[in-house]
Amino acid sequence: MLAFMQVLFRYAFLKQQNIPLALADWQYALLVLSTVLLAAAGYVINNIYDVATDTINKPQDVVVGRGISENAAFNIYIALNVAGVALGFVLSNIILRPTFASLFILIASVLYFYATTLKSIMIVGNFVVAALLAVSVLIIGVFDIFPATTIENKAQMASFFSILTDYALFAFMINFVREIVKDIEDMDGDYNQGMNTLPIAIGKSRATKIALGLAVIPFIVSLLYINKYFFENNLLIVTFYTFVFVLAPLLYFIVKIFSAKTKKDFHHLSTVLKLILFFGILSILVISLNHQYLQNNA
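Residues numbered from 1 in each chain as written. Predicted model: local features only at pLDDT ≥ 70, side-chain atom pairs only at ≥ 80, totals over all residues. Heavy atoms only, no water.

(A) The arrangement of the packing of aromatic side chains in detail. All chains considered together, the criterion is met by 17 aromatic pairs. Ring centres of F100 and F146 lie 6.2 Å apart, and the angle between their planes is 35°; on these two criteria the pair is classed as tilted. With F100 in the loop between α4 (70–94) and α5 (101–116) and F146 in the loop between α6 (124–145) and α7 (154–185), the pair connects residues that are 46 residues apart, well separated along the chain. F146 sits in the partly exposed class, given a relative accessible area of 44%. Ring geometry for Y112 and F113: centres 5.7 Å apart, planes at 75°, overall edge-to-face. (Phe/Tyr/Trp six-rings, centres within 6.5 Å; stacked < 30°, edge-to-face > 60°. Helix = DSSP H or I, 4+ residues; strand = E, 2+ residues; numbered from the N terminus. Buried < 20%, exposed > 50% of the residue type's maximum accessible area, 1.4 Å probe, protein only.)

Quick look at the structure:
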């Protein structure tokens, strides 16, 4: 999904605009691969430290200690991290911005500290995961738009970077709510491991109300955004799409979380949020198609 999102933004959106991009196709492939490798490394280290918790919460998904040994998992983690950071270093030097390599080291470090420490700290772990997803959107602008920006095209490039920022903010808001919902779902296993997640600290009922309140924010923001940038600019196809595939499911989530009680209920709501995130990102393709349609019929 991460790779799909990054490919979509470049080829369905940025490539359709009349702007210069810093990366060749093969270089952009390195960026996508590097991001995916680091995310995979984060997934592995999280699984290593989550064996005890997952044995209670998701026993069918436990791999470390069953499918592969812990030592093998650590070796895979190191290999993925080294490969991801190395590709980032190569890419940073290709665009003559060697200091940008520090971003990949930072991502790898944060994912490690999340798995070992941050995820057990109330709200902090949720914020970090949501922020890292937003960074995976912004990194496109950092490597593909920023290095190609000149004095002449500064205003134009800034507007496209702004659009990436809007999507990054949307991804952050939805994923932040989803992380809280997942904490509610995994409350039993987390409690047994001495973690201090939001539902453990304040109770399932209050945490559910906070997730509900936080979900209202992206709903209102998205509604205003759709009206201002899509509806008022006569992008009717995009307006219809976002109402059906983003706002309606988000409203469904807000309504359903009122009555959510069981682990199954919260797992369902987590899946709904993942779909909202997917269809929200997919709207960038719909925007490009709507623009092309308007241009062809102008």
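This is not the end of the story, as more comes after the structure.
(B) Here's a closer look at the environment of L285. Within the element layout of this structure, L285 appears in helix α12 (residues 263–296). Residue classification places L285 among the partly exposed residues on the basis of a relative accessible area of 29%. Distance in space between the C-alpha atoms of L285 and L8 is 7.1 Å, their sequence separation being 277 residues. Not counting residues up to four positions away in its chain, the partners in contact with L285 are L8 and A12. (Contact = heavy atoms within 4.5 Å.)

(C) Expanded view of the layout of surface pockets. In this model, the second largest pocket occupies a volume close to 430 Å³. Along the wall of the second largest pocket there are 20 residues; nearest its centre are F13, Q17, I163, I287 and H291. Broken down by element, the residue count for the lining of the second largest pocket peaks at six residues, all from α7. When the residues that make up the lining of the second largest pocket are grouped by side-chain class, the tally is nine nonpolar, ten polar and one charged. (1 Å grid on protein atoms, 1.4 Å probe; cavity = no way out; pocket = protein on both sides within 12 Å on 5 of 7 lines; lining within 4 Å. Points joined across faces, edges and corners; volume = space filled by probe spheres on them. Nonpolar A, V, L, I, M, F, W, Y, C, P; charged D, E, K, R; others polar.)

(D) The confidence of the model for the protein chain, seen in detail. Of the residues in the protein chain, 94% have a pLDDT of 70 or more, and the chain-wide mean is 90. Looking at the elements of the protein chain, mean pLDDT is at its lowest for helix α3 (residues 51–57), recorded as 58, and at its highest for helix α11 (residues 236–257), recorded as 96. (pLDDT = per-residue confidence, 0-100.)

(E) Main features of the environment of S102. Examined against the element boundaries, S102 turns out to sit in helix α5. Along the chain, S102 and G88 lie 14 residues apart, while their C-alpha atoms are 8.6 Å from each other.

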